[in-house]
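Observations on the three-dimensional arrangement
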Amino acid sequence: MDDNGQAKTITVDRRVREAGLRPTRQRVALAELLFAKGDRHLSAEELHEEAQVAGVPVSLATVYNALHQFTQAGLLRILAVEGARTYFDTNTSDHHHFFVEGENRVFDIEHGPVTVGNLPEPPDGMEIANVDVVVRLRAKRNS
C-alpha cells in the first residue's frame, strides 16, 4: 500500500475509534468504502456488493451490523425511503433528499427554499431530533 493509502487507513481507523467503536479490520474496510467517495447514500446491499468487488470478505449481516453501529455512533444517518429499503447517508447534517422512483436513486436537495412548518408538539419528555423531507421524482408523463 502506498503512503496515501496508508494515511487514509489511519484516518479511517481514527475516525472509527473516535466514534467509540473498536476499529476491527472489517469495520475499517467498510468505513473506507463508505467515506472514500465523499457524501453518498447507500443501502446495505449496495455496500455489500462494493465490499465483494473490493475483495473485502464480509457477510451481508456484518454489513448491516456495521452500518447500524456507525449510525448509532453518529457517523451515518438513516434515511427510510421505501418500505423495505433503507439508505445510509454519510452526510449527517440536517438536509433533505430527492428520490427517483424506479431508479432507487437518492440525492441531496441543495440548500434552498425547503421549510417545514406547523410541526406537532412532541409528547412529554421527548424532543424532535430531525425532520426528513423526501421529494419523490419520476420522469414526466406525456399528457
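In the block above lies the structure referred to throughout.
Below is a summary of the structure that appears in this document. Bear in mind that the values here come from a model prediction, so they are computed numbers and not experimental data.

Another aspect to go through is helix H2 (residues 25–35). In an α-helix, one full turn covers 3.6 residues, which means residues spaced three or four apart are oriented alike. Counted residue by residue, H2 has eight buried out of eleven residues, so it is predominantly covered. Buried residues of H2: Arg 27, Val 28, Ala 29, Leu 30, Ala 31, Leu 33, Leu 34 and Phe 35, and no others.

All right, on to the sheet that holds strand S4 (residues 97–100) then. Across the sheet, which stays open at both edges, the three strands sit in the order S5-S4-S6 with mixed pairing between neighbours. Edge strands, defined here as strands with exactly one partner in the open sheet, are strand S5 (105–108) and strand S6 (134–137). Along the sheet, successive strands turn relative to each other by an average axial angle of 25 degrees, direction set aside. In this sheet, S6 lies alongside S4 in parallel orientation, the contact comprising four bridges. When the bridges of S6 are listed, Val 100 appears paired with Leu 137.

Closest axis-to-axis distance for the H2/helix H4 (residues 60–72) pair is 10 Å, and the angle between their directions is 75 degrees. Considering the angle they form, H2 stands roughly perpendicular to H4. Contacts between H2 and H4 involve Gln 26, Arg 27, Leu 30, Ala 31 and Leu 34 from the first element and Thr 62, Val 63, Ala 66, Leu 67, Gln 69 and Phe 70 from the second. Per-class residue counts for the contact of H2 with H4 are seven nonpolar, three polar and one charged.

Let us now look at the sheet that holds strand S3 (residues 85–89). Paired through their backbone hydrogen bonds, the strands of a sheet run either parallel or antiparallel. The sheet built from three strands is open, its strands ordered S1-S3-S2 with antiparallel pairing. Sheet topology places strand S1 (41–42) and strand S2 (77–82) at the edges, where each strand pairs with a single neighbour. Two elements, S1 and S3, share two bridges in a ladder whose sense is antiparallel. Bridge pairing links Leu 42 to Phe 88 in S3.

In this section: the pattern of salt bridges. Under the counting rule described, the total for this entry stands at four salt bridges. A salt bridge links Arg 105 to Glu 103, with the shortest nitrogen-to-oxygen separation between them at 3.0 Å. Here Arg 105 falls in the partly exposed class, since its relative accessible area comes to 42%.

Further remarks concern the packing of H2 against helix H3 (residues 44–53). Viewed as axis vectors pointing N to C, H2 and H3 meet at an angle of 110 degrees, and their least axial separation amounts to 10 Å. Put simply, H2 runs roughly perpendicular to H3. Packed against H2, whose contacting residues are Leu 30, Leu 33 and Leu 34, the element H3 presents Leu 47, Glu 50 and Ala 51 at the interface. Among the residues forming the contact of H2 with H3, the class breakdown is five nonpolar, no polar and one charged.

Glancing now at the environment of Leu 33. Note that Leu 33 resides in helix H2. The class for Leu 33 is buried, based on a relative accessible area of 18%. Between the C-alpha atom of Leu 33 and that of Ala 51, which follows or precedes it by 18 residues, the distance is 7.3 Å. Residues within four places of Leu 33 in sequence aside, it is in contact with Arg 40, Leu 47, Glu 50, Ala 51, Ala 54 and Val 56.

So, about the nonpolar core. The biggest cluster of nonpolar side chains holds 23 residues, and the ones touching the most others in it are Leu 30, Leu 34, Leu 47, Val 63, Leu 67, Phe 70 and Leu 76. Listing elements by their share of this core, those giving two or more residues are helix H1 (3–18), H2, H3 and H4. When residues no more than four places from it in sequence are discounted, the contact partners of Val 63 are Leu 30, Ala 44, Leu 47, His 48 and Val 58. Leu 79, Val 81, Tyr 87 and Val 106 belong to the second-largest nonpolar core, a separate cluster that totals five residues.

Rules used in this analysis
Residues numbered from 1 in each chain as written. Predicted model: local features only at pLDDT ≥ 70, side-chain atom pairs only at ≥ 80, totals over all residues. Heavy atoms only, no water. Buried < 20%, exposed > 50% of the residue type's maximum accessible area, 1.4 Å probe, protein only. Helix = DSSP H or I, 4+ residues; strand = E, 2+ residues; numbered from the N terminus. Pairing = 2+ DSSP bridges. Axes fitted to C-alpha atoms, helices over the stretch in contact; angles between N-to-C directions. Parallel < 35°, antiparallel > 145°, perpendicular 65-115°, else oblique. Contact = heavy atoms within 4.5 Å. Nonpolar A, V, L, I, M, F, W, Y, C, P; charged D, E, K, R; others polar. Salt bridge = Lys/Arg side-chain N within 4 Å of Asp/Glu carboxyl O. Core = buried A, V, L, I, M, F, W, Y, C linked by side-chain atoms within 4.5 Å.

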